[in-house]
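Fold and geometry: a report
What follows is each chain in one-letter form.
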Amino acid sequence: VRYRKGQCSGMQNSLQVITEVHAEWGRRFGRNHAPLVESYRMEGADYALVTIGSMTGAAKDAVDAARARGEKVGLVKVKTYRPFPAQALADALAQVKAAGVVDRSVSFGWNCGPLFQDVIAAMYYAPKRIPAMSFIGGLAGADLTVSHFERAIVRIKELARDGRPAGTVWLNKKD
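Here's what I pulled together on the structure shown here. Residue numbering note: each chain is counted from 1, following its sequence as written. In keeping with the predicted nature of the model, local features appear solely for residues at pLDDT of at least 70, side-chain atom pairs appear and are counted solely at 80 or more, and the whole-chain, interface and lining totals rest on all residues. Side-chain figures throughout are based on the complete set of non-hydrogen atoms in the structure, without hydrogens or water.

Describing helix H4 (residues 114–122)
When H4 is considered as a whole, its buried residues turn out to be Leu 115, Phe 116, Asp 118, Val 119 and Ala 122. The buried residues of H4 occupy one face: seen down the axis, they fall within an arc of 165 degrees. In this analysis, two residues are considered to be in contact whenever any of their non-hydrogen atoms come within 4.5 Å of each other. The numbering of helices and of strands both runs from the N terminus, where a helix is a DSSP run of H or I of at least 4 residues and a strand a run of E of at least 2. Lining the buried residues of H4 we find strand S2 (47–52), strand S3 (73–78), helix H3 (86–92), strand S4 (98–103) and strand S5 (132–136). Each residue is assigned to one of three classes by its accessible area relative to the maximum for its type, calculated with a 1.4 Å probe on protein chains only: buried under 20%, partly exposed between the two thresholds, exposed over 50%. Comment: arc refers to directions from the helix axis out to C-beta atoms.

So this is what it looks like as structure tokens:
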């Protein structure tokens, strides 16, 4: 992919370039991967987890277990963080009733995670507003396990039912 005369340069064009490069890579090697966000088991999902990075494996296992129990949950993994793929994320979450965003860091002063802040900002571009909840875990190298994501799924399911987000849930906190 090359810079074309008359196109915006830099960050404004990055999401398009990332998408084009992924498509070219898929054509050359016969393997396609989602460039901006990856949807996992989102067909018919009423609520979703939103993750980023290595935590996604345990989250997918929790989604699989919940689906096996008949729960309508899916997952959206953010694969490109900057520039933030606001429209791709809004499209991926467009059909759900609620979302839970899991972070491994905290935006101090906000009592939530940076990914959560970006997700709720991106949802401004969605056709409808959906309630979202912040979950934080894995700080200081602590594990985020399937059971942590199962707890998050229970809370997101409640959120999908009543539409009332609670404060940030600290997943590694000992109750």
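What follows picks up the thread again.
Things to note about the packing of aromatic side chains
Two rings belonging to Phe, Tyr or Trp (six-membered ring only in the last case) form a pair when the distance between their centres is within 6.5 Å. Interplanar angles under 30 degrees mark stacking, angles over 60 mark edge-to-face geometry, and anything in between is tilted. In the structure shown here, the tally under the stated rule is 3 aromatic pairs. Seen in terms of ring centroids, Trp 25 and Phe 29 are 5.2 Å apart; in terms of plane orientation they differ by 40 degrees. Their pairing is tilted. One end of the pair, Trp 25, and the other, Phe 29, are both in helix H1 (residues 11–29), 4 residues apart, so they sit about a helical turn from each other. The class for Phe 29 is exposed, based on a relative accessible area of 54%. Between Tyr 124 and Tyr 125, the ring centres sit 5.7 Å apart and the planes meet at 90 degrees, which makes this aromatic pair edge-to-face. The same class applies to Tyr 124 as to Tyr 125, namely exposed. One cation-aromatic arrangement involves Lys 60 over Tyr 40; the distance from NZ or CZ to the ring centre is 5.0 Å. Only lysine NZ and arginine CZ atoms are considered, and such an atom sits over a ring when it is within 6 Å of the ring centre and within 35 degrees of the ring normal.

Quick word on the nonpolar core
A general feature of soluble globular proteins is that nonpolar side chains tend to end up buried together. Core analysis: the biggest nonpolar cluster contains 25 residues, and Val 50, Phe 84, Leu 89, Leu 93 and Val 119 have the highest contact counts within it. The set of elements that each furnish at least two residues to this core consists of S2, S3, H3, S4 and H4. With sequence-adjacent residues up to four places away left out, Leu 89 is seen in contact with Val 37, Val 50, Val 76, Val 78, Phe 84, Val 119 and Ala 122. The set of buried Ala, Val, Leu, Ile, Met, Phe, Trp, Tyr and Cys residues whose side-chain atoms join them within 4.5 Å is what this entry labels a nonpolar core. Counting residues in each nonpolar core, the second largest holds 23 residues, with Val 63, Ala 66, Ala 152 and Ile 156 among its members.

Focus: the environment of Ala 62
On the secondary structure map, Ala 62 appears in helix H2 (residues 56–68). When its relative accessible area of 0% is taken as the criterion, Ala 62 is described as buried. Remark: the alpha-carbon pair of Ala 62 and Val 146, spanning 84 residues in sequence, is separated by 5.3 Å. Beyond its immediate sequence surroundings of up to four residues, Ala 62 is in contact with Val 146, Phe 149, Glu 150 and Ile 153.

Notes on the packing of H2 against helix H5 (residues 146–162)
One can describe the packing of H2 onto H5 by two numbers: an axis separation of 8 Å at closest approach and a directional angle of 55 degrees. By the criterion of interaxial angle, the relationship of H2 to H5 is oblique. Between H2 and H5 the crossing geometry is right-handed. Contacts between H2 and H5 involve Ala 58, Ala 59, Asp 61, Ala 62, Val 63, Ala 65 and Ala 66 from the former and Val 146, Phe 149, Glu 150 and Ile 153 from the latter. Taken together, the residues of the contact of H2 with H5 break down into 9 nonpolar, no polar and 2 charged. Orientation is described by axes fitted as lines to C-alpha atoms, over the contacting stretch for helices, and by angles from 0 to 180 degrees between their N-to-C directions. Roughly parallel means an angle under 35 degrees; roughly antiparallel, over 145; roughly perpendicular, 65 to 115; everything else is oblique. Definitions for this section: a left-handed crossing has its near helix turned counterclockwise from the far helix by less than a right angle. A right-handed crossing has that turn clockwise. Under the scheme applied here, ten amino acids are nonpolar (Ala, Val, Leu, Ile, Met, Phe, Trp, Tyr, Cys and Pro), four are charged (Asp, Glu, Lys and Arg), and all others, including Gly, are polar.

Regarding the sheet that holds S3
Backbone-to-backbone hydrogen bonds join strands into a sheet, with any given pair of strands oriented parallel or antiparallel. At least two bridges found by DSSP between two strands is the condition for calling them paired. Spatially, S1-S3-S2-S4-S5-S6 is the arrangement adopted by the 6 strands of the open sheet, whose pairing is mixed. Unpaired on one side and paired on the other, strand S1 (37–40) and strand S6 (169–170) mark the two borders of the sheet.

Things to note about the environment of Phe 84
Along the chain, Phe 84 turns up in the loop between S3 and H3. Looking at Phe 84, the relative accessible area reads 14%, which means it is buried.

A closer look at the pairing of S4
Burial analysis of S4 places 6 of its 6 residues in the buried class, the great majority of the element. Sheet analysis places S4 next to S5, joined by 5 bridges and oriented parallel. Residue Gly 100 lies in a different strand from S5, and its bridge partner there is Met 133. If the strands point away from the viewer and the path from the first strand over the helix to the second runs clockwise, then the crossover is right-handed. At this point the chain moves from S4, through H4, to the parallel S5, and the crossover so formed is right-handed.

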